[in-house]
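Here are the chains, one letter per residue:
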Amino acid sequence: MPRSAAQTAALLASPDDTEAQFYEALQHADLDHLMALWADDEEIACVHPGGPRIVGMTAIRAAFEAVFQRGNVNVHPERVRRLHSGDCAIHHVLERVQLHTKDQAPAPTSWVIATNVYLKTALGWRLVLHHASPGNAGDIQELVADAGTLH
């Protein structure tokens, strides 16, 4: 039975809730669940590693459908950093990715640096941008400088 809008909003009570469901949908190649996490807005966007900017629900759905045709995406967010202000949250993460083929044969682990942007809507926190760039194992090490004095 499909969830009501109120039930869905309750499940997306925080950006962390939405992010957890996003990665779960990738891991299960669940296109409908994945697309239900996006905001209902013409300007939502997605960039896959090394790919072009994809704008709009229809184009994003087609892009993820193509990804899932190759199998599920075994992806785990690590080193999540969060910026949250009002109705907007930005998470930048290091993703540990292991793609699987249709026969579930694992491929080597790869690393992706991603930024996920969420907006609070009447239906809970929704994804408005997923931007992923190719990374490497060296990205596990973060370069963090002391903020010091701005002026």
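Residues numbered from 1 in each chain as written. Predicted model: local features only at pLDDT ≥ 70, side-chain atom pairs only at ≥ 80, totals over all residues. Heavy atoms only, no water.

**Examining the overall build of the protein**
Argument step 1. When you go through the protein residue by residue, the secondary structure sums to 4 helices and 6 strands.
Argument step 2. In sequence order, the protein lays out its α and β elements as α-α-α-β-β-α-β-β-β-β.
Argument step 3. Expressed as a percentage of its 151 residues, the buried residues of the protein come to 35%.
Argument step 4. The contacts of the protein with a sequence gap of at least 6 include a subset with a gap of at least 24, amounting to 51%.
Argument step 5. Here the protein displays about 9,000 Å² of accessible surface, and carbon together with sulfur accounts for 55% of that area. (Helix = DSSP H or I, 4+ residues; strand = E, 2+ residues; numbered from the N terminus. Buried < 20%, exposed > 50% of the residue type's maximum accessible area, 1.4 Å probe, protein only. Contact = heavy atoms within 4.5 Å. Areas by Shrake-Rupley, 256 points an atom, 1.4 Å probe, with all protein chains shown as cover.)

**What about unusual backbone geometry?**
Argument step 1. Even without being a glycine, A29 presents a positive backbone phi close to 50 degrees.
Argument step 2. On the accessibility criterion, A29 (30% relative accessible area) is partly exposed.
Argument step 3. Even without glycine at this site, R79 takes up a positive phi of about 50 degrees.
Argument step 4. Along the chain, the position of R79 falls in strand 3 (residues 73-85).
Argument step 5. A relative accessible area of 43% places R79 in the partly exposed class.

**Quick look at helix 4 (residues 57-69)**
Argument step 1. Compared with the 18 Å implied by 1.5 Å per residue over 13 residues, the 18 Å span of helix 4 between its first and last C-alpha is a close match.
Argument step 2. Those residues of helix 4 that sit buried are I60, A63, F64, V67 and F68. The buried residues of helix 4 occupy an angular sector of 135 degrees when projected down its axis, which confines them to one face. For helix 4, exposure combined with an orientation more than 90 degrees from the buried face picks out T58 and Q69.
Argument step 3. Tucked into the core, helix 4 has its buried residues touching helix 2 (15-27), helix 3 (31-36), strand 1 (45-47), strand 2 (53-55) and strand 3.
Argument step 4. Count one or two residues on from helix 4 and you reach G71, which has phi positive near 125 degrees. (Expected span 1.5 Å × (residues − 1). Arc of directions from axis to C-beta.)

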